Amino acid sequence: MVGEAMDHMAKYLRYGKKDVYSPVITKFEWDGHDNAYWAFYGKEIAFGYSSRRMLFAVCGRSFDDVLDKFVKLYMDYEAEGYIRDKRWYGPAPHTFNFADNKCDHSLIE
């Protein structure tokens, strides 16, 4: 189910006139650590994606955990109207420090 839902997610979201944000899943720490995996829509930059400017992010103890949370949050934002036609209509992008031990499931809150 999560894999099929991931196929539903946009490969990118536009914000403003030029900014493009793409989904990124990364492993920040070791297995079993509370914030081991992060998934976020990060801003595309010249050489990859920015982990400092993002639309929203989730973290979890495992890849499956973070993927499940990421898909659910995406679907919630789509239902609320923040995501429409491959565009982001929610709050402005945020800066976030992954070293912070706080695991936000939504940077909007």
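Rules and cut-offs
- Residues numbered from 1 in each chain as written.
- Predicted model: local features only at pLDDT ≥ 70, side-chain atom pairs only at ≥ 80, totals over all residues.
- Heavy atoms only, no water.
- Core = buried A, V, L, I, M, F, W, Y, C linked by side-chain atoms within 4.5 Å.
- Buried < 20%, exposed > 50% of the residue type's maximum accessible area, 1.4 Å probe, protein only.
- Helix = DSSP H or I, 4+ residues; strand = E, 2+ residues; numbered from the N terminus.
- Phe/Tyr/Trp six-rings, centres within 6.5 Å; stacked < 30°, edge-to-face > 60°.
- Expected span 1.5 Å × (residues − 1).
- Arc of directions from axis to C-beta.
- Polar contact = N/O pair within 3.5 Å; in protein donor to acceptor, adjacent residues only side chain to side chain.

Colleague: How would you summarise the nonpolar core if you had to cite specific residues and measurements?
Modeller: Counting residues in hydrophobic clusters, the biggest one holds 20 residues, and the most contacted among them are Tyr41 and Phe56. When residues in this core are grouped by element, the largest group, 7 residues, is from helix H2 (residues 63-80).

Colleague: Could you give an account of the packing of aromatic side chains, naming the residues involved and the relevant values?
Modeller: Two descriptors summarise a pair of aromatic rings, namely the distance from one centre to the other and the angle between the planes of the rings. Counting across every chain of the model gives 10 aromatic pairs. Between the aromatic rings of Tyr41 and Phe70, the centroid separation amounts to 5.7 Å while the plane-to-plane angle is 40°, which identifies the pairing as tilted. Of this pair, Tyr41 sits in strand E3 (residues 37-45) while Phe70 sits in helix H2, and the two are 29 residues apart along the sequence. The exposure classification of Tyr41 matches that of Phe70, with both residues buried.

Colleague: A description of H2 should follow, citing residues and the corresponding values.
Modeller: Taking 1.5 Å of rise per residue, 18 residues should cover 26 Å, and H2 covers 26 Å from first to last C-alpha, within 8% of that figure. Residues of H2 that are buried include every one of Val66, Leu67, Phe70, Val71, Leu73, Tyr74 and Tyr77, and no others. For H2, the angular spread of buried residues about the axis comes to 165°, placing them on one side. H2 presents Asp64, Ala79 and Glu80 as exposed residues on the side facing more than 90 degrees away from its buried surface. Gly81 sits one or two residues past H2 and shows a positive phi near 90°.

Colleague: Tell me about the environment of Trp88, and name the residues and values.
Modeller: Turning to its location among the elements, Trp88 is positioned in strand E6 (residues 87-88). The exposure class assigned to Trp88 is buried, which follows from its relative accessible area of 3%. Sequence separation between Trp88 and Val20 is 68 residues, and the spatial gap between their C-alpha atoms is 9.6 Å. Polar contacts involving the side chain of Trp88 include one to the main-chain carbonyl oxygen of Pro91, which spans 2.8 Å.

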